[in-house]
Each structure stands twice: as structure tokens, then as C-alpha cells.
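Survey of secondary and tertiary structure
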Amino acid sequence: MTEISPSRRAFLGAALSTGAFYLLPEAARAQAETPMEMAGEAHPFSFDRVIEDARTLSTHQFIPMKPREPDILERIDYDRHNQIQYRENATLWSANDTAPPVRFFFPGRYFKEPVHIYAVSDGMAREIPFSPDLFRFPEDHPARQLSDTRGFAGFRVMDQEMDADWLAFLGASYFRTAGYSGQFGLSARGLALDTAVPGGPEEFPRFTRFWLEPGEGSDLVSYALLESPRATGAYRIASRREDGVIQDIEAKVFLRGDVERLGVAPLTSMFWFGKHNDDVAPDWRPEVHDSDGLEVHTGNGERIWRPLNNPPRIMTNAFGVSGARGFGLMQRERDFDQYLDDGVFYEKRASAWVEPAEDWGDGEVMLIELPTDDEIHDNIVAFWRPDKPATAGSEHDIRYRLHWVRDNPVPPVAARFLATRIGAGGIPGQPRPEGVVKIVCDFENRGLEDLARDDGVKVNVEASRGEIGNTAAYPVVDADYWRAMFDLDFSEIPEDDDAPIDLRMFVSHENDAKTETWIMQLFPSQLRRLLESRA
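What you see is a predicted model, and the numbers here were worked out from it, not measured in a lab. (Residues numbered from 1 in each chain as written. Predicted model: local features only at pLDDT ≥ 70, side-chain atom pairs only at ≥ 80, totals over all residues. Heavy atoms only, no water.)

A closer look at the overall build of the protein chain
Rule in force here: In this description a helix means any DSSP run of H or I spanning at least four residues, a strand means any run of E spanning at least two, and both kinds are numbered starting from the N terminus. As a reference, a globule follows 2.2 Å times the number of residues to the power 0.38, and the radius of gyration itself is taken over C-alpha atoms. Only protein chains enter the accessibility calculation, which uses a 1.4 Å probe; a residue whose area is less than 20% of its type maximum is buried, one above 50% is exposed, and one in between is partly exposed. Residue contacts are counted whenever heavy atoms from the two residues lie within 4.5 Å of one another. All accessible areas in this document rest on Shrake-Rupley with a 1.4 Å probe, and a residue is counted as covered only by the protein chains that are shown. Only four residue types enter the charge count: Lys and Arg as positive, Asp and Glu as negative, with His and the chain ends excluded. Charge positions are represented by NZ for Lys, CZ for Arg, CG for Asp and CD for Glu.
Across its full length, the protein chain holds six helices and 34 strands. Against the globule reference of 24 Å for 535 residues, the protein chain gives a C-alpha radius of gyration of 26 Å, in line with a compact fold. Overall, the C-alpha framework of the protein chain stretches about 80 × 50 × 45 Å when taken along its three principal axes. Looking at the 535 residues of the protein chain, the share that counts as buried comes to 56%. Long-range pairs, those at least 24 residues apart, make up 69% of the contacts in the protein chain with a sequence separation of at least 6. Counting every atom, the protein chain has about 22,900 Å² of accessible surface; 46% of that belongs to carbon and sulfur. When the 58 basic and 90 acidic side-chain charges of the protein chain are each reduced to a single mean position, those positions are 3 Å apart.

Structural data, given as C-alpha cells:
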């Protein structure tokens, strides 16, 4: 039985009269051979019950679940955790061809807090209790010393052959899929609270309980209870595989406290360097990133492409949108030769596209970029921030579809930008002016197939600082794409002034926009370093 504080015990006692008894974990029967043989008593279950539990919990002080044997779990570091193997014959639903095989994650240094998991069938839920007997360890492994631990760290869903997993929930409210290619990359979260707010710290809500049910029209429906000091929530995540992984997500969030920056449908990724900033890394590969840009579709039909950056300091950008039609962290570069990494295959990383299931009203898509000097750090976050105040006592209904795919599932209506490069400005064959860079953007020829260099295609570009010059747009010879380029003169900006330079550009013909809107943020210090590296 999970250790329960007096106030939490009082809530659970009251919940018995409302049918919430299924929340109480069952004692493990460690000698059982399969998860269902170990499972506890069956209790009625429904998503409405999870919603009511989240609502009730929001009226009580947050009491975190405490790990039973933290000192031993602390010794299970990254390497030790990788030594733990799940027993194949202990896979949940492994003998059922109509249900997805599920395996559980062992707790450790980075996942100490217990996660309770239930199997649902015919409206009844049974807890799968944690047991070390579900796992294999080396003889000298510290996990063998555990005797009183309760709860798993998370779970993963295997393919029917049980060769690989395609969906995983592990840590806080994080989850990932193998997308369209079988290659894991960026992550999603249930909720983000005060990400990169000055003075912080960020609060990371946690999925504390999962109810797993084979889905009708989906591979798996995962119900989850989310808890944190300032929020509770009930989540329903229906996951299915098509030309990627599609998840229909419904959530009811209740706030215990005020939140300055509420992040809905948060995505987390990594961008170290790409074509426009390869000078920041000593690495041998041409590019290293899980995602290369943020794409936003606004309510008025505008489509925005914002290449990601590795800034000199934490940067937060907001794109005000009314009635957002979608946003996502995308991986547009799909050529292996642009990465040359045959170990992690960045060209196969999925794009993640958030499609609201209803009108989200006024708000903004927020992009947060952190500096990084290695690929092991996730440094990119994107989410929707509603204008609705996120105050204590408020309720938030959230519904959206999350696509883990190769390309945006929404067909393009204009040419999309494919690559951004930066080099020394000026005119070839003439002395290069100091403090001037040339920005080169390749884009599709969609809607431009019948136009040529001299047909009046125009580059429309604005800069918040500096001067723009030498604009040009033309089809690339013997290729099926176009190129737009312009010079940015930042020479008048003092060296001690590193405020960002914001750029906005699109390509038009006869006053008709032919491309999406390209937005970029650059820093004088990084531009100077780039020019020095290529002198």
C-alpha cells in the first residue's frame, strides 16, 4: 500500500464514497509470472471518474508521492538503468493479437517517483503492481536490493513482433513516439507551467497514474492523472499508427495556483546547429538537430516558417494568433548527406504537428530556445499559450490531434522554405564590406513553375535593426526550387549591443504572395563570429 500523508489519506477516504476506490494501489504478489496474474482487484473505471478525481484533488494541497527507497534508486544511474531488461514473457497483453504489447520502465535516479499503472477491460480497472520479478539484472546490480519500492517509472508500447517500441511515457508528463520511421526524436508533454519565466523555476507536472485500454479504432487509449503543486488534470490519449503515429488528446486541467505562462500541447526538441550556424560547433557532421523549424498556421490563413536557432542566451518569442489552425516543430531536411550520421539518423526524425480539435480562440504560439553545446540537451520548447487567465481555481478544456509524421499533414498552399544559409555579404569579385552578411533562403517552386528570373519575382524583407540590400529571387539552374537572397548590414550596431535582429520575409509576384512567411532572429555577436570563422 502506498504511503499516504494524513491530508491525502483524508481525501482518498472521502473518495471511496464517490467510487474512486480504484485509485488505491494493490499489494504486489511478487511470485506471479505475468502482469495480469499479479493484478489487483477489479474496480469500475471511466474517464469521467478521472476528471472528478482531478477536480477534487485540485481543491486539496498537493502532496507528492514519495519514493520508498530513494538511496538505492539514486545508485541506478543512466548506465545502470540501461542494464535492466524487461522479461519478454512478462509483457502485458503479449498473447492477445488485438491488444498492443506493453512493457514497464524500472524506476531509477532520474525516475524515482512512483507511477501506478492499471489495465482496463470492459469498464473495470485492475492495477499492475510493481515487482522486480518482471525484470532481469546483472548479479551486482543495486536494483536487487530493493524490497519496498512501489510503482513503475512509466511504460512503453511494443510492436506486435515485440522487436521495438513505438510509444513511450517516461518522466514527468513526457511522452514520445517512433513516428513514421521507427526513429525516436522530439518529445511531447501533457502540460508546461512557467517555462523560461524570469525568476522561475519551471514546474513540471507529472503523470502519476495511467489506465491502459486497447482501443477501438486505435492501438491504445492511455488515461492519465496529472498532478503538480499548481495543477491537476485528467487526460485521454488515443494513439494509433498510420503513416506515422496519430494521437487524439483530450484533457481537463484544474489549476490550484496562478500560472504566468500556461503551456498547452508542449513540444520539446533539440537544435544544436544547421546550415545557418554550423560555426557554433566543432563537430564533424554538417548538421545536428531533431527539428529544424517551427511552423505556424494562423487563423487568417498566414503560414509562418521560423528556422530554429542556438542563441547566445535564453530567448522567448511569441507569435500572436487568433484561432490557430496548427503549429509544430518540424524536420524539413530529409537528406542523409546533410547529416552523415548513420547511428542516430537525424534525417528520419519525425515532425510533430499540433492540430486543434476546436477553436482555441486568442492566444500565442510560444517558442523558447536555450543555448546548447551538445546534442544531448533538449533546448527547444514550443507550445500554445491561451489568452484566458491561468489563475487559481480556473478550468481549462483541451482537445487536439498530435501528428508524428514525416511532413505536415496539412497540404501546402504556397511555396515552403527548404534551407537557410548565412555567409559574407557583398558582391562576389569585389571587396567584402565589414559587418555585412548575406542570407540565402531556398524555397519550393510551387506556384512559380512558369516564372523565370526576369519575370518580376520580388523579395519582400523587413529588419528590426540594420539595413537590407542586394535582394534577388531566381530559379536555381537545373533544380526544381528557387532561391531568395539579401544582404543584412549590421555594421552600425555597437559591439556591446547584442539585442536580437528580427527579420521577416516572403516572396511575391505582382503583389501576390508566393511563399509562406519566413521569420528569423539573429544576434550581432553570432554574426561577427560567423564572419570571423569564414574570413
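Here we look at the confidence of the model for the protein chain
A low pLDDT means the predicted coordinates there should not be read in detail. Formally: Looking at any residue, its pLDDT shows the predictor's confidence there, from 0 to 100.
Residues of the protein chain with pLDDT of at least 70 account for 94%, and the chain-wide mean is 92. Per-residue pLDDT stays below 50 along residues 1–32; that stretch engages in 66 contacts with residues further than four places along the chain or on separate chains.

As for a nonpolar patch on the surface
For the record, the criterion: Patch definition: residues with relative accessible area over 30% and no salt bridge; like charges joined within 9 Å; nonpolar side chains (Val, Leu, Ile, Met, Phe, Trp, Tyr) joined within 5 Å. Note on definitions: salt bridges are taken to be side-chain nitrogens of Lys or Arg within 4 Å of carboxyl oxygens of Asp or Glu.
Residues Trp284, Phe336 and Leu340 make up a contiguous nonpolar surface patch of roughly 320 Å² in combined accessible area. Mapped onto the elements of the fold, Leu340 is located in the loop between β22 (326–330) and β23 (351–356).

Examining the packing of aromatic side chains
Keep this limit in mind: Two aromatic rings, drawn from Phe, Tyr or Trp (for Trp, its six-membered ring), form a pair once their centres lie within 6.5 Å of each other, and the interplanar angle then sorts them: stacked below 30 degrees, edge-to-face above 60, tilted otherwise. Note on geometry: a ring has a charge over it if NZ (lysine) or CZ (arginine) is within 6 Å of the ring centre and within 35 degrees of the ring normal.
Tallied over the full model, the rule gives 26 aromatic pairs. Taken together, a centroid distance of 5.5 Å and an interplanar angle of 70° make the contact between Phe207 and Phe210 edge-to-face. The same class applies to Phe207 as to Phe210, namely buried. Each ring, one from Phe443 and one from Trp482, has its centre 6.3 Å from the other, and the planes form 35°; the classification is tilted. Pair noted here: Phe443 is in strand β28 (residues 436–444) and Trp482 is in strand β31 (residues 481–489), with a separation of 39 residues, a long-range link. In this structure Trp482 comes out as buried when scored by relative accessible area, which is 2%. Taking the ring centre of Phe345 as reference, the NZ or CZ of Lys348 above it sits at 4.6 Å.

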